[in-house]
Amino acid sequence: MTRRRLHAVTLAGALALPYIALKSYWAAGGRAGLADGYRMVDDFRRNGAPAALIRLEQHGVDFTAVLALAGVALALVLARRPPARTLPRRLLLVPAWAGTLLVPYGLLTALLGANGGHAAGGDPITGWVVPAGAAAFVGIGTALGVAAWSHRPSSTN
């Protein structure tokens with residue numbers, strides 16, 4: 001069972017890789033997929049993002065890419081073995097279960113994108129970017145759900 005779980009988590013988590021790569025590319029100054037004149041940092045400022053997140057973005061680190069990597073890493077850790085005895089079980093399982101909410105968010109993002117709406121609330125990105133984001137959200141949420149499910153109290157692993 002552990003091997004199948006690990007394969008499922010790995011496959012679902014792999015759906016996040018294009019998103020992570022794209023957001024990192026944008027943070028590093030890349031423009032593919034962005035509307036002319038659009039700057040992510042300006043959007044952060046306009047939306048009231050904390051100064052620390054703006055500073056990270058200015059230095060080539062996108063916090064959503066970091067969070068996506070952390071979600072995939074957490075799912076892989078949970079899929080491989082039970083939470084370490086040195087860490088309280090809930091410390092790992094609470095964010096994993098909460099992360100499953102990314103599945104409906106990803107599905108909603110895909111639905112809005114398919115209907116011509118914009119998940120980001122405007123026109124800053126081109127059409128091919130929405131599927132990458134939707135796949136990442138669904139993939140990370142699924143990976144976290146599969147990994148956390150195996151640690152529920154009634155589980156026999």
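Residues numbered from 1 in each chain as written. Predicted model: local features only at pLDDT ≥ 70, side-chain atom pairs only at ≥ 80, totals over all residues. Heavy atoms only, no water.

## Thoughts on the overall build of the chain
1) Next: A tally of regular secondary structure across the chain gives eight helices and zero strands.
2) Next: Each helix (α) and strand (β) of the chain, taken in turn from the N terminus, gives the series α-α-α-α-α-α-α-α.
3) Next: Looking at the chain residue by residue over its 157 residues, the buried ones come to 36%.
4) Next: Taking all contacts inside the chain whose residues are at least 6 apart in sequence as the whole, residues at least 24 apart take part in 74%. (Helix = DSSP H or I, 4+ residues; strand = E, 2+ residues; numbered from the N terminus. Buried < 20%, exposed > 50% of the residue type's maximum accessible area, 1.4 Å probe, protein only. Contact = heavy atoms within 4.5 Å.)

## Here's the deal with the pattern of salt bridges
1) Next: For the structure shown, the criterion picks out four salt bridges.
2) Next: Lys 23 is paired through a salt bridge with Asp 62; the nearest N and O atoms lie 3.8 Å apart. Remark: Asp 62 occurs in the loop between helix H4 (51–58) and helix H5 (63–80) and Lys 23 occurs in helix H2 (residues 17–27); sequence separation between them is 39 residues.
3) Next: Classification of Asp 62 by relative accessible area gives buried; the value is 2%.
4) Next: Between Asp 42 and Arg 45 there is a salt bridge, with its nearest N and O atoms 3.6 Å apart. (Salt bridge = Lys/Arg side-chain N within 4 Å of Asp/Glu carboxyl O.)

## A word on the packing of aromatic side chains
1) Next: For the coordinates displayed, the defined rule picks out four aromatic pairs.
2) Next: Taken together, a centroid distance of 6.4 Å and an interplanar angle of 75° make the contact between Trp 97 and Trp 149 edge-to-face. Note that Trp 97 is positioned in helix H6 (residues 89–99) and Trp 149 in helix H8 (residues 129–149), a separation of 52 residues in sequence.
3) Next: Owing to a relative accessible area of 36%, Trp 97 belongs among the partly exposed residues under this scheme.
4) Next: Put simply, the rings of Tyr 19, Tyr 105 and Phe 137 pair up and form one aromatic cluster. (Phe/Tyr/Trp six-rings, centres within 6.5 Å; stacked < 30°, edge-to-face > 60°.)

## What about the confidence of the model for the chain?
1) Next: With 85% of its residues at a pLDDT of at least 70, the chain reaches an overall mean of 85.
2) Next: When mean pLDDT is taken per element in the chain, H8 scores highest with 93 and helix H3 (residues 40–46) scores lowest with 87. (pLDDT = per-residue confidence, 0-100.)

## A short note on H6
1) Next: Every buried residue of H6 is listed here: Leu 92, Leu 93, Ala 96 and Gly 99. For H6, the angular spread of the buried residues around the axis is 125°, confining them to a single face. Away from the buried face of H6 by more than 90 degrees, exposed residues Arg 90 and Val 94 are located.
2) Next: Looking at the buried side of H6, the elements it contacts are H5, helix H7 (102–114) and H8. (Arc of directions from axis to C-beta.)

## Remarks on the environment of Ser 24
1) Next: Take Ser 24: it is sitting in helix H2.
2) Next: Distance in space between the C-alpha atoms of Ser 24 and Val 61 is 6.4 Å, their sequence separation being 37 residues.

## Overview of the side chain of Thr 64
1) Next: Structurally, Thr 64 can be placed in helix H5.
2) Next: Beyond its immediate sequence surroundings of up to four residues, Thr 64 is in contact with Tyr 19 and Lys 23.

## Digging into the packing of H6 against H8
1) Next: Two elements in contact, H6 and H8, have axes separated by 7 Å at closest approach and are oriented at 135°. Between H6 and H8, the angle is such that the two are oblique. The interaxial crossing formed by H6 with H8 has left-handed handedness. Where H6 approaches H8, its residues Leu 93, Ala 96, Trp 97 and Gly 99 are matched on the opposing element by Gly 141, Leu 144, Gly 145, Ala 148 and Trp 149.
2) Next: The residue makeup of the contact of H6 with H8, split by class, is six nonpolar, three polar and no charged. (Axes fitted to C-alpha atoms, helices over the stretch in contact; angles between N-to-C directions. Parallel < 35°, antiparallel > 145°, perpendicular 65-115°, else oblique. Left-handed = near helix turned anticlockwise from the far one by under 90°. Nonpolar A, V, L, I, M, F, W, Y, C, P; charged D, E, K, R; others polar.)

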